[in-house]
Amino acid sequence: MLFLFPLVAQLREKLAIPVAIDNDAVVAALGEYHLGAGRGSKRMMMVTLGTGIGVALLMDGEPLRSADGRHPEAGHIPIASDPVNCYCGLQGCWEMLASRGWLQQALARQIPDLAWDSHTLGVLSEMSAASPRVAEILYHYGQNVGRGLNTLLTLYGPDITVLSGSAATLLPLYQSGLDAALNRAEGYSLNRLIVQAALGDAAGALGAALLPALRETRHSH
Ligand SMILES: [Zn+2]
C-alpha cells in the first residue's frame, strides 16, 4: 500500500510560513531564470552535470512537466550503444556517460589523487596541457555532453542553455569536444548559446526560496 505523507501541509502548519516543494533540477533552473544567467529568456534549458544529470526546461519561467505532473528525467536519453548499464534499465544513458561521475572515474586512472574543489579547473588545465591522455579524456567527455545536448536542443529549441554542477565549471577544458558533437551541416542551425550558471551551488537554494512566492503569484492570476 502506498502511503503519502503530507509533507508540505505538515511543514506549513509546524513552521507557520509559506512552504512549497519541487524537483531539485526545477528549483535550480528557477534560481538561474529569476536571478542568474537565464534572466529574460523565453525558453531556458538548464543542465546540471553532477553525480547524475538533471535537466529542466522553463517556458516563460514555467517548468515543462509530464502529463502526470512528474518531472521528465532527460538524463535517461540514450546517447551511445556503449554497453554501460544504467539503473533505469537501458544501456548508454546520457547520465552514465556525461555526469561528473563518468569524468571523475575516467580521470582517476590518470590522476589518482585529483580533488574536486575550487582548484580542479587549474589543476586539470595544467594536466591536460601536459598529458595527451588527459586532454583526450576531456575531449571525449565534451563529446558525451554534446551528444545529449544535441538531442535536447533539437527537441526543445531553447534560447539559452545554462550548464551547472561541478563539471560545468570545467567547460573551457572540454569545449572543443562539445563543439564537435554539436556541429551540423551549414544551414542546419541549432541555438548553441550555452553558458555557465551564474549562481553556482546556490541556484537550487535560491530557486527553492522563491518557490512559495512564485506559486502565490501564479494562483492569483
Ligand atoms: Zn538510464
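These remarks concern the structure in this document. From a predicted model like this one, the values you see are computed outputs, not experimental measurements.

## Some words on helix H8 (residues 202–220)
Its 19 residues place the ends of H8 28 Å apart at the C-alpha level, agreeing with the 27 Å of an ideal helix rising 1.5 Å per residue. Among the residues making up H8, those that are buried are Ala203, Gly207, Leu211 and Pro212.

## With respect to empty space enclosed by the protein
One pass over the full model with this rule turns up one cavity of 30 Å³ or more. Volume-wise, the largest cavity comes out at about 40 Å³. In terms of lining residues, the largest cavity is bounded by Val55, Ala56, Leu57, Leu64, His71, Pro72, Ala74 and Tyr156. Residue composition of the lining of the largest cavity, grouped by class: seven nonpolar, one polar and no charged.

## Quick word on the coordination of the zinc ion
Within the first shell, the zinc ion binds the protein through His76 (ND1), Cys86 (SG), Cys88 (SG) and Cys93 (SG), at distances of 2.0 to 2.3 Å. Taken together, the four donor atoms surrounding the zinc ion define angles of 101 to 119° at the centre, an arrangement classified as tetrahedral. Mapped onto the sequence, the residues coordinating the zinc ion show the spacing H-x9-C-x1-C-x4-C. Of this pair, histidine 76 sits in the loop between strand E3 (62–63) and helix H3 (94–98) while cysteine 88 sits in the loop between E3 and H3, placing them twelve residues apart in sequence. On the basis of relative accessible area, histidine 76 is assigned to the buried category, the value being 19%.

So, how was this worked out
Residues numbered from 1 in each chain as written. Predicted model: local features only at pLDDT ≥ 70, side-chain atom pairs only at ≥ 80, totals over all residues. Heavy atoms only, no water. Helix = DSSP H or I, 4+ residues; strand = E, 2+ residues; numbered from the N terminus. Expected span 1.5 Å × (residues − 1). Buried < 20%, exposed > 50% of the residue type's maximum accessible area, 1.4 Å probe, protein only. 1 Å grid on protein atoms, 1.4 Å probe; cavity = no way out; pocket = protein on both sides within 12 Å on 5 of 7 lines; lining within 4 Å. Points joined across faces, edges and corners; volume = space filled by probe spheres on them. Nonpolar A, V, L, I, M, F, W, Y, C, P; charged D, E, K, R; others polar. Donors = N, O, S within 2.8 Å, 3.2 Å for Na, K, Ca; no water. Tetrahedral: all angles 85-135°; square planar, octahedral: opposite > 155°, others 65-115°.

Purely geometric stuff here, so don't read any function into it on its own.
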